[in-house]
Every structure is written in C-alpha cells, then in structure tokens.
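Coordinates in review
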Amino acid sequence: MDTIASIFSFITTPVSWVIVQFHKVYGAIFGPDTGWAWGLSIVSLVILIRICLIPLFVKQIKSTRAMQTLQPEMKKIQERYKNDKQRQSEEMMKLYKETGTNPLSSCLPILAQSPFFFALYHVLNGIATGDTIGVINDSLLASARKAHIFGAPLAAKFKDGSSVVDALGATVTDVRVVTAIMIVLMSASQFYTQRQLMTKNVDTTVKTPFMQQQKMLMYVFPVMFAFFGINFPVGVLVYWLTTNVWTMGQQMYVIRNNPTPGSKAQAAYLERLHKHVTHHGKTRSRGERAIVKAIVTKGRDRNEFERKFINGLTKAGLAAQPDGTVTTGVTAEVAETEDGTPTSAAAKRQQPKRQSKSQRQSGAKPAGGAEPDTSPTSLIKSDEPQDAKPAGGAAKQAASKPGSGARSKAQSGQRKGPQRPKSPSKK
C-alpha cells in the first residue's frame, strides 16, 4: 500500500494538504481532535472540488441533452445497418462528429472526481493503519485516529473486526450502525437524484433506448454504492454522502431554472415564467430573456408547452420579441394551433345565411340578424284589402300617372314587361 501511495503521491499530497488546512480552521473552533474538525474538513474538500467541477457539470448537461436529441437519428442508423456492425459504428461516429457530441461527456464529472476519491481513500487508509501520507505527520495522524463521528472513527469500516475497532477506541456496534446509516443515505440520495432526472427533466415525447438505459442506471447505481460502501472507511462515506447531496441540490437547481425542452420541468418553468412576465410586463433577467429568445427562434418547431406560453402572452396583450424581450400594446391577438399555424384569435364576422324561397315569402328573419326586406320590389303579396290602404299621398301619386287604370296597375309580385300569351284552351 505504501508503494501505491508513493506512486500516486502527486495526488495524495495535495489532497492531504487541503485537508490539513481546513483542519486548522475547524480545529480552532471545535478542537483539533474532534470528529467535527476532521469531518468538516472532508466536507469542505468535497465542496471545493465540486465548485471546481461546475464547468464540467454544465458540459455534462449539454452533452446529455444533445444525446437525447440524437436518439431518433441513432435509432434510424441502428435499424438501417443492423446487420453491419462496422458500418453502424462508422455512421454513429460520423453523426457525433457532425453534431459535435461526445458520448463520454456525461461521465466527465465522475471521471474528474476519481483521482480525489482515490487520494482520500489512501489518506484515510493510512490513518487506519498508522502510516503518514502526504503532509500528515505523526501528530496529525494521532489526532485523526482520535476523531470520531457519532462514535465511529474516521478510518473504521463496516467489515472491520473487533480487534481493529478496539485499537481505534470504538465498538463494533457503533461502527456498523453509523456506517449502515451512511450507506443507506448515500444510496437513497443517489436514487433520488437519478429519479428526479428521469421523471422531471426528460423529453417525454421521445421514447428511445437512451431513456431505458438511464432508467436501469437509476436502480443499478444505488446497489453499487451499497455494495462498495461496506468496504469504505467512515471518512470516505462522508465524502460520498456529501458529494451525492451536492449533486442532488445542483441538479434540482438546474432542473428548476434550465429544464430540458419537452419535459415536465419545462412545463412548470414556463408556467412560472408566464406569471412573472405578465405581472411585471417584461423579462427580468438574462436567463429569462435567453429562454424566451430560444422559444421565439424555434417558430413552428415549438413544442406544446412553448406554444401554450406564447399564446398566454398574446392573450395578456404581450408579444415576445426575437431578442428575448417582451413588449406591450399588442392590438391584434394571434394564437397558434397545435401544429404551430398562426390563427386570428378574434371572432370572424359571420355572413348572413342565404334564405330559401319559402323563408323569404314567410318573412322569416335572416340568421345573421338582418331585418327582412320590406322594399316595394319584395315578392311578398299583401293580404290587406284595397280599401284598407291609406288614401294619402300614395293614391294621389297613382292618379297623377298616365294609365293608372286597374288593368295597367302592376300587382305586387307580378313580372313587369310584356306578358307571355296564355295558351288556348283545349275545350
């Protein structure tokens, strides 16, 4: 073990130095030999490492989304070249190269943490065996061996026997209870992190083998953590539990503020964004403007949640602009159908329905709400007797016209002009 530690001293020495620096700070507060001082030193090491890995985490998110987008194309390639594995691999690599996607990018945070985990494991194992590693000298080694977390020494393991545990000043029961609780919490946090990724931040409109793979990992990773956890020292369990909790919180933040398009998280985010924008009448931050700009740029390629968001802004008298801002004073409301086709939200003016001959003769009111025609050219015959008509100006007008006799008067409804002679009677 000393040989391995000496070979990888370029990793173990910096890690041990960071732990010692944090121990000086916490030792002045809680005491140098307490479990709080050494335990918080390990927690601070995790936080420092994860802050440095934030750029890799962002790259992992982008790579995961790019892989989800490429799943339909990858499935087509697999079906087209299912009998030619070499050609299938070549087409896959060509697709990755054209889109700038790297399948291994999703594993970068885990790979980047591996050296620090390896170094911490050897540092804690050296404390258990009484060996000095890196900058940890004899006095620091003695202080670390006295440190206990809830009765369990930092260097103790779940499988250690009574002789090893007694040498560290603890009991087997305390060690196994503490390590078992930490292993359960570590596995549960890993399961919840993967589960919230699958249930909230995955495009539900695309069913691909990638989703099945992620679903399988949701159950495999917790089992692996539980299996390997019984061989880890308590200090390493503190490290992994802290990094799992950090990952869970970091992922919750990303899912809430930058969800995957088409996911349930995006629907919830756009609903919150719609309330904020309609309340303030504008986008308030750069992140909100970036989201609105991406939605506007998509045009007809918007998904169901994005179309609903744009329509909601329009109904509120707002309009999303290509630069991500929102303007007011929209006069015409424009909505989008399910396929993204813009349609006028205002009700179309209905044309009056054409009436049949029977409706016109009966004087029925048109469907459009217009009054029936009462002009002199109406075909409706008057049932009133001639005597009932007023003998006013209309009678005088009729008398002044030439040929105003009874025969020359055009009856209502009779066609004007030369009449067709009646056919002679057959009698």
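For the structure itself, consult the block above.
Residues numbered from 1 in each chain as written. Predicted model: local features only at pLDDT ≥ 70, side-chain atom pairs only at ≥ 80, totals over all residues. Heavy atoms only, no water.

Concerning the overall build of the protein chain
Quick reminder of the rule: Only runs of H or I of at least four residues qualify as helices and only runs of E of at least two qualify as strands under DSSP, and these elements are numbered from the N terminus. The buried label applies to any residue whose accessible area, calculated with a 1.4 Å probe on protein chains only, is under 20% of its type's maximum; exposed applies above 50%, and partly exposed to all values in between. Any two residues whose heavy atoms approach within 4.5 Å at even a single point are treated as in contact. Here, Shrake-Rupley sampling with a 1.4 Å probe gives the accessible areas, and only protein chains in the shown set may cover a residue.
Helix and strand counts for the protein chain come out as 16 helices and six strands. The proportion of buried residues among the 427 residues of the protein chain is 35%. For the protein chain, long-range pairs separated by at least 24 residues make up 62% of all intrachain contacts whose partners lie at least 6 apart in sequence. When the accessible area of the protein chain is evaluated, it comes to approximately 27,000 Å², of which 58% is carbon and sulfur surface.

Notes on a nonpolar patch on the surface
The cut-off we apply is this: Patches here are clusters of residues that have more than 30% relative accessible area and form no salt bridge, with a 9 Å joining cutoff for like charges and a 5 Å cutoff for nonpolar side chains (Val, Leu, Ile, Met, Phe, Trp, Tyr). For salt bridges, the criterion is a side-chain nitrogen of Lys or Arg within 4 Å of an Asp or Glu carboxyl oxygen.
Side chains of Met216, Val220, Met224, Phe227 and Phe228 sit close together on the surface and give an oily, nonpolar patch of about 470 Å² of accessible area. Structurally, the position occupied by phenylalanine 228 is in helix α10 (residues 209-229).

Observations regarding the pattern of salt bridges
Across all of its chains, the model carries three salt bridges by this definition. The shortest N-O distance in the salt bridge between glutamate 91 and arginine 87 comes to 3.1 Å. One end of the pair, glutamate 91, and the other, arginine 87, are both in helix α5 (residues 85-99), four residues apart, so they sit about a helical turn from each other.

Some thoughts on the packing of helix α12 (residues 264-280) against helix α14 (residues 304-315)
For clarity, the cut-off: Every axis in this analysis is a line fitted to C-alpha atoms, fitted for helices over the stretch in contact. Angles between the N-to-C directions lie between 0 and 180 degrees. Our angle categories are set so that under 35 degrees counts as roughly parallel, over 145 as roughly antiparallel, 65 to 115 as roughly perpendicular, and the remainder as oblique. Nonpolar residues are Ala, Val, Leu, Ile, Met, Phe, Trp, Tyr, Cys and Pro. Charged residues are Asp, Glu, Lys and Arg, and all others, Gly as well, are polar.
Where α12 contacts α14, the axes come no closer than 10 Å and their chain directions differ by 10°. Between α12 and α14, the crossing angle belongs to the class labelled roughly parallel. Taken together, the residues of α14 that come into contact with α12 (itself represented by Gln266, Ala267, Leu270, Leu273, His274, Val277 and Thr278) are Phe305, Glu306, Phe309, Gly312 and Leu313. For the contact of α12 with α14, the class distribution of residues is seven nonpolar, four polar and one charged.

Quick notes on the nonpolar core
Selection rule: Joining through side-chain atoms within 4.5 Å is the link that ties buried Ala, Val, Leu, Ile, Met, Phe, Trp, Tyr and Cys residues into a set, and such a set is a nonpolar core.
Core analysis: the biggest nonpolar cluster contains 45 residues, and Trp38, Ile42, Leu45, Leu120, Val234, Tyr239 and Trp240 have the highest contact counts within it. Counting residues per element, this core draws most heavily on helix α11 (residues 234-257), which supplies seven residues. The contact partners of tryptophan 240, leaving out residues within four places of it in the chain, are Phe117, Met186, Phe225 and Phe232. Counting residues in each nonpolar core, the second largest holds 13 residues, with Ile291, Val292, Ile295 and Val326 among its members.

A few points about the side chain of histidine 23
Structurally, histidine 23 can be placed in helix α2 (residues 9-30). When near neighbours in sequence (up to four residues on either side) are disregarded, histidine 23 contacts Pro32, Ala37, Trp38, Ser41, Leu140 and Ser143.

What about the packing of helix α3 (residues 35-52) against α11?
Heads up, the rule is: By definition, turning the near helix anticlockwise from the far helix through less than a right angle yields a left-handed crossing, and turning it clockwise yields a right-handed one.
Axis separation between α3 and α11 bottoms out at 9 Å; the angle between their running directions is 40°. Of the possible angle classes, the one that applies to α3 and α11 is oblique. Handedness of the α3/α11 crossing: right-handed. On the side of α3, the interface is formed by Gly39, Ile42, Val43, Val46, Ile47, Ile49, Arg50 and Ile51, while α11 contributes Gly235, Val238, Tyr239, Thr242, Thr243, Trp246, Thr247 and Gln250. Here the contact of α3 with α11 is composed, by residue class, of nine nonpolar, six polar and one charged.

Some points on the packing of aromatic side chains
The cut-off we apply is this: Ring pairs shown here join Phe, Tyr and Trp side chains whose ring centres sit within 6.5 Å, with only the six-membered ring taken for Trp; geometry is labelled stacked below 30 degrees between planes, edge-to-face above 60, and tilted in between. A positively charged side chain is recorded as over a ring if its NZ (Lys) or CZ (Arg) lies within 6 Å of the ring centre. The angle to the ring normal must also be within 35 degrees.
One pass over the full model with this rule turns up four aromatic pairs. Measuring from ring centre to ring centre gives 6.4 Å for tyrosine 121 and phenylalanine 232, while their planes differ by 70°; the resulting arrangement is edge-to-face. Of the two residues, tyrosine 121 sits in helix α6 (residues 108-129) while phenylalanine 232 sits in the loop between α10 and α11, which places them 111 residues apart along the sequence. On the basis of relative accessibility, which here comes to 22%, the residue tyrosine 121 falls in the partly exposed class. Sitting over the face of the ring of phenylalanine 158, arginine 176 holds its NZ or CZ atom 5.7 Å from the ring centroid.

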